[in-house]
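# Chain and residue survey
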Amino acid sequence: MRGIKRIAVATMAVGILAAAGCGGGDKPIGSASSSNPSSSTSSGGGTGQFKKGGTVTIANVGGQTWPCQFNPFNPAVNQVALGFVYEPLTFVNVLKSGATTPMLATAFAWSPKKDSIVFTIRDGVKWSDGQPFSADDVVYTFNLMKQQPALDLYALWSGAGLTSVTAAGNKVTLQFKGAAEPYFYNFANQVGIVPKHIWSTGEAASKPATWANPKPVGTGAFTVESCTSNNISYAANGSYWQPGKPYVSKVQYPAYLDNNPANLDLASGKAQWGGQYIPNIDNFYKSKSPENNYWFPPTANVAIVPNLDPSHKVTSNLAVRQAIAYALDREQISKIGESGYQPAANQTGVVTPTFDKYFDKDALTAAGYDKPNQDKAKQLLEGAGYNASNPLKLTIISVTGYTDWDASLAVVKQQLAAVGIELTTQDLQQQSYNQNLYPGDYDLAYSSQSGGPTPYYELRQQLYSKNTAPIGKQDNSNYSRYINPEVDKLFDQYASADEDTQVKLIKQISGYMIKDIPVIPTTESVDWYQYNTKDLEGWPTQDNPYAQPAPYNIPDVGQVLTNLYSKSAQK
Amino acid sequence: MSAIVAGTATPAPSASRRPRGGLFRAILHNRKAMLGAGLLILFCLLAAFPHLFVPWLHGDPQAIGDLPLQQPSSKHWLGTTGLGQDVYAELIYSTRESLIIAVVAGLGATILSVIIGVSAAYLGGAADNLLSMMTDIFLVLPTFPLIIVLATYAGKGNLTVIIVVLILTGWSYGARQMRAQALSLRNRDFLESARVRGERRSYIIVVEVLPTMISLIVANFLGAALYAVLTAAGLQFLGLGDPNSLSWGTMLYWAQNQGALVNGLRAWALAPGLAVALLGVSFALLNYAFDEISNPALRPVRRRRARQH
Amino acid sequence: MRYLIRRLGFFVLTLWAAMTLNFFIPRLMPGSPEEALRERLSKGGSVVTPEQLRTVLAEFGFEPDKNILLQYVEYLKAMVTGHWGVSVGSSLGVPVTDLISSALPWTLGLVGITTVLAFIIGTFIGMVSGWRRGGLIDGVVPPVFIVTSALPYFWVALLLISIFAIGNNPLLPNDFNYDQGLTPGFNVQFIGSVIKHGLLPAATILITAVGGWILTMRNNMVTTLAEDYVRMARAKGIPGRRIMFGYAGRNAFLPNLSGFAMSLGFVISGTILVEYVFNYPGLGYMFYNATVSTDYPLLQSLFLLVTLAVLICVLLCDFAVFLLDPRARTEG
């Protein structure tokens with residue numbers, strides 16, 4: 001149900017600890033990427049010109065009818081605005097470890113200390129109402145977020161240390177308090193640039209956070225042609241800055257309240273682009289047509305998070321955690337709990353195959369976590385004083401409605417029972433769950449982070465001591481309360497290291513994941529993605545992962561939409 | 001859910017009372033009552049001795065299996081769930097929880113409605129006004145939304161909370177009827193004679209009044225049990241119960257989530273609902289039958305003399 | 001006259017009680033719109049401070065820190081004057097009145113019409129069945145409708161879907177209120193689509209609701225028929241149909257009418273379940289959503305609306321009884 005979606009949305013990475021422009025073969029300083037601006041991606045589907053035409057219909061459950069608001073600063077509605085109508089300065093591809101593609105900025109350059117960055121703004125771009133786009137709009141967008149903290153969704157001014165945004169000609173300079181490369185992913189990729197001439201007048205100026213923005217004006221490939229509570233209709237932007245694009249002329253985005261109708265439409269081909277969790281997908285979806293395809297790229301982990309605070313005697317015992325990590329058969333959890341949709345995770349915390357180059361397989365094998373080892377688990381438990389007459393009893397909290405989590409935990413429960421651990425799952429409403437998770441009021445919790453373009457982001461969310469707080473106080477993302485100054489140092493070094501060193505640092509950090517077991521990953525959370533090739537081509541695929549492929553990944557959706565073309569329109 | 005409960009809105013104040021032994025015989029002669037009672041007994045057996053009906057099962061009926069989402073077969077009479085669990089086994093074992101909810105919540109609501117209704121009738125005056133107003137307020141409040149809110153936030157899906165919430169929202173209908181009937185009985189001769197004898201008010205209420213109201217109380221219990229079963233199933237179906245529990249509503253929740261209907265798994269999608277329906281029907285039949293028994297005018301006319309043209 | 005005044009007084013008192021409950025219950029529960037908002041904003045550990053959350057919510061008119069009694073008074077004022085605020089749930093920023101007015105016509109249309117239909121049809125069948133006791137109708141009616149009235153709403157919905165709306169070429173659609181691509185308007189296509197989508201939900205409500213009315217009416221009818229004045233009318237030679245409608249029916253109908261108002265509570269619960277199963281974007285569905293996303297303003301307004309509707313119905317039914325039943329008038 002809706003619950004499955006929420007996990008998926010969590011992987012729509014909004015981490016404040018964002019990607020640096022490095023990783024994925026690009027140089028941190030200097031030219032933005034190796035790709036040609038007019039082809040819009042490093043190896044997009046079809047770099048040639050295609051004829052225009054065709055419609056793509058999206059099937060993505062939003063759980064509500066459309067309020068027909070398109071304010072990119074409103075987190076409840078920006079999923080239908082960013083990428084479709086509004087664009088960022090630079091697109092960062094998580095699936096290629098942070099490869100960048102220039103969008104509204106043709107190039108960027110960091111200062112040597114990485115505390116300021118200069119974007120070269122593209123010429124010749126027009127807003128969809130005909131007005132010219134300029135660096136002033138960029139400056140206005142960022143300063144708007146400073147004036148109205150409610151708009152600063154990524155805490156750039158407060159958390160990232162942004163101190164000023166200024167323009168000189170066609171160059172915009174962002175000045176930070178300190179090294180800010182980790183936040184590149186947020187400010188370059190996730191902030192949609194809005195037009196000054198619209199947002200400085202009227203209701204937009206007085207109440208930008210609540211302004212409905214029913215007829216959004218942006219630089220993107222599409223404009224909102226019409227919107228009713230049941231459907232949003234986008235039409236191609238005639239004056240889009242990428243010549244000849246977009247190829248498809250219409251996008252339909254119906255409002256679905258529930259999974260079943262959306263899945264039915266995908267199976268029948270009525271909708272071609274899905275972001276859905278479909279149970280029994282081979283039988284239900286794939287078998288209906290040879291042109292029905294799906295791909296679930298993994299981006300982060302779903303994990304059992306133990307409470308490491310000494311006040312929780314059981315879970316702060318390393319032997320207990322190790323026993324759990326040895327007892328788990330992750331393949332089985334993946335196969336039965338997630339129907340095989342989410343691949344098995346591993347104890348290093350590095351998501352494979354997406355981040356293969358950071359994966360230290362040897363260390364994993366050497367420690368014995370590469371396959372389940374029930375005997376070792378039983379040994380460890382005995383050593384900790386648990387046996388048949390004194391069994392280990394644990395409770396794990398999860399969220400009501402996340403049925404695949406419930407299913408996975410049911411499998412985990414059986415696996416732990418085999419080594420003598422009695423696990424009880426407690427499903428809580430999202431609010432109650434948060435109230436237990438953030439202040440550390442739990443023994444075990446099932447949770448997932450959103451991650452980012454490299455494993456650094458997720459690991460940092462989980463292990464960095466600045467992301468945690470004492471028991472009873474709300475923390476950020478380090479729920480387990482893991483504090484290790486050695487690991488902190490490794491994270492600090494990452495921000496200013498070159499690419500090879502970064503890989504080494506990640507491997508070192510994952511060494512601590514193996515040694516200290518602060519978090520026990522079970523499966524890898526994925527982007528839910530279905531695509532129908534009957535008429536449309538140019539989709540991101542496993543062989544060509546030019547963007548995160550789900551329709552709810554923003555702003556990646558803009559990349560996909562500018563690559564799709566209709567086969568029938570080519571005749 | 002329906003106005004079947006409204007069907008008891010007209011208690012027959014002028015009902016003549018049969019001696020208690022006759023009640024039992026009355027049930028036996030009433031076809032509806034027999035059917036309802038039969039169903040209920042079947043469910044009680046299922047709840048008490050589930051292993052008799054699933055003899056091949058050793059261990060947890062919720063055990064995860066290797067063949068998820070199967071159609072009914074000789075091995076799995078109703079197919080399997082998304083986790084490979086046997087639908088038939090789960091169905092049988094879920095009877096217990098549903099029956100517990102029905103009986104406990106029904107009993108609780110009935111007791112509460114008797115206490116409040118009869119007290120209102122006998123205390124009279126300001127107390128009566130206050131209690132009546134409270135009853136009316138609860139009657140008019142849209143209780144299902146209230147239940148959803150309570151169950152969502154206070155519950156954590158806990159069964160006890162659900163039962164308490166059901167009791168708190170289910171008593172008002174019965175209280176009104178109890179009060180009406182108690183009021184009409186107040187002036188009857190046998191009570192007058194008890195008063196004249198000098199008996200205490202509490203004695204009068206407990207020993208004289210309540211037994212006379214027995215059939216109404218039973219009918220009320222059945223109505224409340226029906227209400228409890230349907231509402232609890234509805235709550236669990238919406239996902240507000242404990243998704244790891246073994247109950248029909250939860251089975252339906254999982255079936256809906258795994259798209260059982262759209263996947264063609266009709267057995268899984270419909271069987272738990274059918275079970276809820278049958279349990280509800282048994283209560284409704286008994287309820288209706290009790291109406292007939294207590295109100296002779298309602299009894300089915302057999303092939304005797306036709307009363308009208 | 002006193003009767004009317006008492007009923008009005010009851011109306012006001014109940015409304016106040018409902019609003020007070022409505023105010024305090026969500027606030028006693030764990031969680032708050034702040035946390036819900038945080039959940040939405042911090043997908044992945046962004047450092048959204050509590051102050052920032054409060055700012056966002058304050059922009060939307062939500063100030064949780066004021067003295068609770070002050071909030072209560074303001075809440076009462078706001079509810080009464082129609083300033084129902086802005087949603088802080090999944091439709092963050094949309095005025096509550098907009099949300100409700102977009103969903104209201106669908107619920108009124110579907111549920112309202114069907115419930116009234118069920119009542120009318122049920123009463124009529126019950127009357128005829130009670131009149132022709134021992135006949136064929138009476139043999140069939142009670143058992144069949146006892147069963148249908150005990151069926152859970154959502155199961156009937158699922159059953160209907162499995163029969164009519166599944167498969168490669170389903171007869172009827174199984175979700176939503178009209179086809180996706182259509183724009184609302186008074187044209188044949190749109191209206192046809194609305195009707196098509198409304199058939200199954202309407203059938204669900206009809207099937208389950210009609211039974212109760214039939215049975216109550218039948219029982220009332222039978223009891224009334226045993227009264228002396230009916231025997232008198234028959235002795236006088238008045239045609240059967242006139243007795244059925246004009247004498248017995250009219251009197252048997254009255255308790256049914258009061259029962260109708262009281263049973264609206266059950267109607268509401270049915271609405272939520274039916275709309276949930278059919279994904280019908282009406283008020284019931286909105287209520288469910290609002291509960292799960294801790295959308296206080298929307299929850300409060302919906303609750304108020306529903307209570308108001310039920311109370312008005314009760315009041316109207318009471319007036320109707322007053323008009324139709326001389327006994328109520330003289331009792332005062």
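Throughout, a residue's number is its position along its own chain's written sequence, starting from 1. Chains and ligands are labelled by the order in which they are written, letters from A for the one and numbers from 1 for the other. Totals for whole chains, interfaces and linings use every residue, but because this is a predicted model, local features are given only for residues with pLDDT of at least 70 and side-chain atom pairs only at 80 or more, for both listing and counting. Each side-chain value is worked out from all heavy atoms of the structure, with water and hydrogens disregarded.

## Section: the overall build of chain A
Keep this limit in mind: Every helix listed is a DSSP run of H or I at least four residues long, and every strand listed is a run of E at least two residues long, numbered separately from the N terminus. Within these notes, the globule rule equals 2.2 Å times the number of residues to the 0.38 power, and the radius of gyration is based on C-alpha atoms. Between buried and exposed lies partly exposed: a residue is buried under 20% and exposed over 50% of the maximum accessible area for its type, with that area taken using a 1.4 Å probe on protein chains only. Contacts between residues were defined by any pair of non-hydrogen atoms, one from each residue, lying within 4.5 Å. For the accessible areas, the method is Shrake-Rupley and the probe is 1.4 Å, while residue cover comes only from the protein chains on display.
Check the secondary structure of chain A and you find 18 helices and 20 strands. Since a compact globule built from 571 residues should have a radius of gyration of about 25 Å, the 24 Å found for chain A is in line with a globular shape. Dimensions of chain A, computed from C-alpha atoms along their principal axes, come out at roughly 75 × 55 × 40 Å. For chain A, buried positions account for 67% of its 571 residues. Across chain A, every contact between residues at least 6 apart in sequence was considered, and the portion connecting residues at least 24 apart equals 74%. Counting every atom, chain A has about 17,900 Å² of accessible surface; 50% of that belongs to carbon and sulfur.

## Here's the deal with the overall build of chain C
Of the regular secondary structure elements, chain C holds 14 helices and zero strands. Each helix and strand of chain C, placed in order from N terminus to C terminus, yields the pattern α-α-α-α-α-α-α-α-α-α-α-α-α-α. Within chain C, contacts between residues separated by at least 24 positions form 73% of all contacts whose residues are at least 6 apart in sequence. With the model as given, the accessible surface of chain C reaches about 13,600 Å², and the carbon-plus-sulfur share is 68%.

## Some words on the interface of chain B and chain C
Inclusion rule: Salt bridge, as used here, is a side-chain nitrogen of Lys or Arg placed within 4 Å of a carboxyl oxygen of Asp or Glu. The definition of a polar contact used here is a pair of N or O atoms within 3.5 Å, where within protein one atom must be able to donate a hydrogen and the other to accept one, and adjacent residues in sequence count solely through side-chain atom pairs. Gly is placed with the polar residues, together with every amino acid not listed as nonpolar (Ala, Val, Leu, Ile, Met, Phe, Trp, Tyr, Cys and Pro) or charged (Asp, Glu, Lys and Arg).
On the side of chain C, 59 residues touch chain B, which itself brings 60 residues to the contact. Inspection of the region where chain B meets chain C yields zero salt bridges. For the pair chain B and chain C, the number of links is three residue pairs in polar contact (both at pLDDT 80 or more). When contributions to the side of chain B that touches chain C are tallied by element, the ones reaching two or more residues are α5 (125–140), α6 (143–155), α7 (159–186), α10 (214–237), α11 (248–257) and α12 (266–294) of chain B. When its residues are assigned to classes, the side of chain B that touches chain C shows 42 nonpolar, 11 polar and seven charged.

## Quick look at the confidence of the model for chain A
Residues and elements named next belong to chain A. Rules: pLDDT: the predictor's confidence for each residue, scored from 0 to 100.
Per-residue pLDDT for chain A averages 84, and the proportion of residues at 70 or more is 91%. Within chain A, no element has a lower average pLDDT than helix α1 (residues 2–10), which sits at 39, and none a higher one than strand β18 (residues 530–532), at 95. Here residues 1–47 is a poorly scored stretch, pLDDT under 50, and it has 181 contacts once near neighbours within four places are set aside; other chains count.

## Topic: unusual backbone geometry
Of all residues except glycine, most have a negative phi; of all peptide bonds, most are trans. Residues and elements named next belong to chain A. Note the cis peptide between Lys 245 and Pro 246, where omega equals -5 degrees. Checked against the element boundaries, Pro 246 lands in the loop between β9 (231–236) and β10 (250–254). With an omega of 0 degrees, the peptide bond running from Thr 352 to Pro 353 counts as cis. Its location among the elements puts Pro 353 in the loop between α10 (330–337) and α11 (361–367).

## As for the sheet that holds strand β14 (residues 392–399) of chain A
Residues and elements named next belong to chain A. Put simply, the test is: Strand pairing is defined by DSSP finding a minimum of two bridges between the two strands. Helix axes are fitted to C-alpha atoms over the stretch in contact, other axes to C-alpha atoms as well, and angles between N-to-C directions run from 0 to 180 degrees.
If you walk across this open sheet you meet the five strands as β15-β14-β16-β13-β17, and the pairing is mixed. Edge positions in the sheet fall to β15 (421–428) and β17 (520–526), since each of these pairs with one other strand and no more. Neighbour-to-neighbour, the strand axes of this sheet turn through a mean angle of 25 degrees, independent of strand direction. Here helix α13 (residues 403–417) sits on the sheet and contacts β13 (298–306), β14, β15 and β16 (444–448); the angle it forms with β15, its principal contact strand, is near 165 degrees.

## Regarding the sheet that holds strand β5 (residues 116–121) of chain A
Residues and elements named next belong to chain A. Read across the sheet, four strands follow the order β4-β5-β7-β6 without closing on themselves; strand pairing throughout is antiparallel. With partners counted over all chains shown, the strands left at the sheet margins are β4 (105–110) and β6 (162–168), one partner each. The sheet shows a mean angle of 15 degrees between the axes of neighbouring strands, direction not considered. Sheet topology note: the β5/strand β7 (residues 171–176) ladder contains five bridges and is antiparallel. Bridge pairing in β7 links Ile 117 to Leu 174. The strands touched by helix α2 (residues 135–147) within the sheet are β5, β6 and β7, with β6 carrying the most contacts at an inclination of about 160 degrees.

## Some remarks on the side chain of Arg 330 of chain A
All names here are of chain A. The condition that has to hold: Charge counting follows a simple rule: Lys and Arg are positive, Asp and Glu are negative, and His as well as the terminal groups are ignored.
Within the element layout of this structure, Arg 330 appears in helix α10. There is no salt bridge for the buried Arg 330, and the closest opposite charge comes from Asp 329, which lies 8.2 Å off by N-O distance. Polar side-chain contacts of Arg 330 include one of 3.1 Å to the side chain of Gln 347. What Arg 330 contacts, discounting residues up to four positions off in sequence, is Ala 325, Ala 344, Ala 345, Asn 346, Gln 347, Tyr 369, Ile 520, Pro 521 and Thr 522.

## Here's the deal with the pattern of salt bridges
All names here are of chain A. Scanning the model with the defined rule gives eight salt bridges over all chains in all. The salt bridge involving Lys 114 is made with Glu 181; its shortest N-O contact spans 2.7 Å. With Lys 114 in the loop between β4 and β5 and Glu 181 in the loop between β7 and α4 (184–190), this residue pair connects regions lying 67 residues apart in the sequence. On the accessibility criterion, Glu 181 (1% relative accessible area) is buried. Among the salt bridges present, the one from Lys 515 reaches Asp 516, with a minimum N-O distance of 3.6 Å. Judged by its relative accessible area of 15%, Asp 516 falls in the buried class.

## Focus: the state of the cysteines
All names here are of chain A. The following threshold applies: To count as a disulfide, a pair of cysteine sulfur atoms needs to be within 2.5 Å.
Evaluated as defined, the whole model comprises one disulfide over all chains. With its sulfur 1.8 Å from that of its partner, Cys 68 forms a disulfide with Cys 227. Since a negative S-S torsion denotes a left-handed disulfide, the Cys 68-Cys 227 link at about -90 degrees is left-handed. Placement of the pair is Cys 68 in the loop between β1 (55–59) and β2 (90–93) and Cys 227 in strand β8 (residues 222–228), with a sequence separation of 159 residues. Overall, Cys 227 belongs to the partly exposed group, its relative accessible area being 24%.

## Quick look at the packing of α10 of chain B against α11 of chain B
All names here are of chain B. Here is the rule: For classification purposes, an angle smaller than 35 degrees is called roughly parallel, one larger than 145 roughly antiparallel, one from 65 to 115 roughly perpendicular, and anything else oblique. Helix crossings are classified by the rotation of the near helix relative to the far one: an anticlockwise turn of less than a right angle makes the crossing left-handed, while a clockwise turn makes it right-handed.
As a packed pair, α10 and α11 sit with axes 7 Å apart at the nearest point and diverge in direction by 30 degrees. Considering the angle they form, α10 stands roughly parallel to α11. Regarding α10 and α11, the two cross each other, and that crossing is right-handed. On the side of α10, the interface is formed by Ala 233, Gln 236 and Phe 237, while α11 contributes Gly 249, Thr 250, Leu 252, Tyr 253 and Gln 256.

## Let's talk about the nonpolar core
The following threshold applies: Remark: nonpolar core denotes a set of buried residues (Ala, Val, Leu, Ile, Met, Phe, Trp, Tyr, Cys) joined through side-chain atoms within 4.5 Å.
Ranked by internal contacts, the top residues of the largest apolar core, which has 330 residues, are Phe 119, Phe 142, Leu 174, Phe 187 and Tyr 234 of chain A. Broken down by element, the residue count for this core peaks at 16 residues, all from α12 of chain B. For Phe 142 of chain A, the residues in contact, after removing those within four places along its chain, are Leu 89, Leu 156, Trp 157, Leu 162, Val 165, Leu 174, Phe 187, Val 191 and Ile 193 of chain A.

## Digging into the packing of aromatic side chains
All names here are of chain A. The test is simple: Here a pair means two rings of Phe, Tyr or Trp (six-membered ring of Trp) with centres within 6.5 Å. Their orientation is stacked below 30 degrees between planes, edge-to-face above 60, and tilted elsewhere.
Within this structure, the stated rule accounts for 46 aromatic pairs over all chains. Each ring, one from Trp 405 and one from Tyr 446, has its centre 5.3 Å from the other, and the planes form 80 degrees; the classification is edge-to-face. Of the two residues, Trp 405 sits in helix α13 while Tyr 446 sits in strand β16, which places them 41 residues apart along the sequence. As far as burial versus exposure is concerned, Trp 405 and Tyr 446 are alike and both buried.

## Points about the packing of helix α9 (residues 318–327) of chain A against helix α12 (residues 374–383) of chain A
Residue and element names in this part refer to chain A. Orientation of α9 relative to α12, taken along the N-to-C sense of each, is 165 degrees, at an axis distance of 8 Å. Classified by the angle their axes make, α9 and α12 are roughly antiparallel. As for the relative orientation of α9 and α12, their crossing is left-handed in sense. Contact residues: Ala 319, Gln 322, Ala 323, Tyr 326 and Ala 327 in α9; Gln 374, Lys 376, Ala 377, Leu 380 and Leu 381 in α12. Counted by class, the contact of α9 with α12 contains seven nonpolar, two polar and one charged residues.

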